[in-house]
Amino acid sequence: MLTIDKYAYQNRWIAYSPSGKSLFYLIILVLSLTGPLIVQASLFLCMVPLTLYVVKIHFKQYLKWLLLPFSFLLFSLLSILISISKDPSSFITSVSIGSFYLGISDVTITTATQVFFRSIACLSATYFFVLTVPVVQLTKVMKQIFIPKILIELTILIYRFIFIFLEEAVAIRKAQSLRFGYHGIKNSYRSFGMLVNTLFNRVMKRYNEMVITLDVKLYQGEFHI
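It should be emphasised that the depicted structure is a prediction, and the values quoted were computed from it without experimental measurement.

Let's shift gears to the pairing of strand β2 (residues 93–97). In this sheet, strand β3 (residues 100–104) lies alongside β2 in antiparallel orientation, the contact comprising 5 bridges. In the strand pairing of β3, Ser96 is matched with Tyr101.

Below, the structure is given as structure tokens:
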């Protein structure tokens with residue numbers, strides 16, 4: 001079981017209505033997307049301690065998860081913040097590259113600031129939802145809002161195969177590490193290639209085993225959710 005999944009089943013609000021938690025998440029998400037900067041910053045500052053309390057999680061662990069998407073966010077902010085132009089007059093500061101200038105303007109700073117606070121507000125709200133609504137409750141909510149059954153089944157299957165994928169990947173990497181497969185760059189590349197190949201074969205094998213199991217149980221193309 002994933003660490004996040006464990007917290008989702010052990011949080012203080014596990015007995016609360018999943019529909020209520022989902023509605024709360026949607027309200028916070030809409031406010032994070034459409035509210036002014038002060039609202040977005042306030043939501044982030046409120047959601048973080050609320051999540052820590054409800055999920056019973058240490059701040060260091062939460063901070064690790066929070067920093068995971070920040071590399072993507074950083075590159076996005078840099079692409080927004082830095083503009084290229086032939087006229088440097090609109091830039092606060094700039095660097096010339098040939099006949100062009102790379103610089104930062106008031107407009108790009110404002111836009112980057114808005115994107116940053118909107119992103120962290122949405123991220124904190126999403127983490128709260130993920131850590132308080134396990135997949136079983138999420139399935140109930142999807143049924144209540146009349147999500148097509150085929151999409152619910154796909155969600156469950158994908159969720160299941162995430163665990164299979166991670167389980168096999170960890171087992172293969174441990175075996176390779178015990179054989180010093182990741183000592184040196186050359187060995188690391190070769191071991192990683194073998195891991196991907198073996199992982200694909202093992203996942204396909206597990207998939208075939210699941211198909212055989214479903215056939216034995218007279219599967220008719222529909223899961224009872």
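From this point, things continue past the structure.
Taken as a whole, this structure holds 8 aromatic pairs when the rule is applied. Ring centres of Phe70 and Phe116 lie 6.3 Å apart, and the angle between their planes is 75°; on these two criteria the pair is classed as edge-to-face. Linking Phe70 in helix α5 (residues 70–81) with Phe116 in helix α6 (residues 106–132), this pair joins segments that are 46 residues apart in sequence. Between Phe116 and Phe117, the ring centres sit 5.3 Å apart and the planes meet at 80°, which makes this aromatic pair edge-to-face. Judged by its relative accessible area of 22%, Phe117 is partly exposed. Put simply, the rings of Trp13, Tyr16, Phe24 and Phe128 pair up and form one aromatic cluster. Directly above the aromatic system of Tyr53 lies the positively charged group of Arg12, at a separation of 4.3 Å from the ring centroid. Of note, Arg173 hangs over the ring of Tyr182, and the distance from its end group to the ring centre comes to 4.1 Å.

With that settled, the discussion passes to the UniProt feature "transmembrane region" (unreviewed entry) in the protein. As annotated in UniProt, the feature "transmembrane region" (unreviewed entry) corresponds to residues 23–53, 65–84, 116–139 and 145–166 in the numbering used here. Secondary structure across residues 65–84 comprises 75% helix and 10% strand; the distance between its end C-alpha atoms is 34 Å. Between the end C-alpha atoms of residues 116–139 the distance is 31 Å, and the span holds 92% helix and 0% strand.

Strands sit in the order β1-β3-β2 across an open sheet of 3 strands; the sheet is antiparallel. Because the sheet does not close on itself, it has two edges, and the strands there are β1 (83–85) and β2. Pairwise comparison of adjacent strand axes, ignoring direction, gives a mean angle of 30° for this sheet. Across 3 bridges, the pairing between β1 and β3 is antiparallel. From the neighbouring strand, Ile84 faces β3, where its bridge partner is Leu102.

Turning to the domain arrangement of the protein, a few remarks are in order. The domains assigned to the protein are domain 1 (3–135) and domain 2 (148–217). Measuring from the centre of the C-alpha atoms in domain 1 to the corresponding centre in domain 2 gives 31 Å.

Within the element layout of this structure, Phe129 appears in helix α6. Phe129 sits 83 residues away from Cys46 along the chain, and the two C-alpha atoms are 14 Å apart. Ignoring anything within four residues of it in the chain, the contact list for Phe129 reads Lys21, Ser22, Tyr25 and Leu138.

Criteria and cut-off values
- Residues numbered from 1 in each chain as written.
- Predicted model: local features only at pLDDT ≥ 70, side-chain atom pairs only at ≥ 80, totals over all residues.
- Heavy atoms only, no water.
- Pairing = 2+ DSSP bridges.
- Helix = DSSP H or I, 4+ residues; strand = E, 2+ residues; numbered from the N terminus.
- Phe/Tyr/Trp six-rings, centres within 6.5 Å; stacked < 30°, edge-to-face > 60°.
- Buried < 20%, exposed > 50% of the residue type's maximum accessible area, 1.4 Å probe, protein only.
- Lys NZ or Arg CZ within 6 Å of the ring centre and 35° of its normal.
- UniProt positions renumbered as here; feature names shortened; annotations may be inferred.
- Axes fitted to C-alpha atoms, helices over the stretch in contact; angles between N-to-C directions.
- Domains from an automatic or database assignment.
- Contact = heavy atoms within 4.5 Å.

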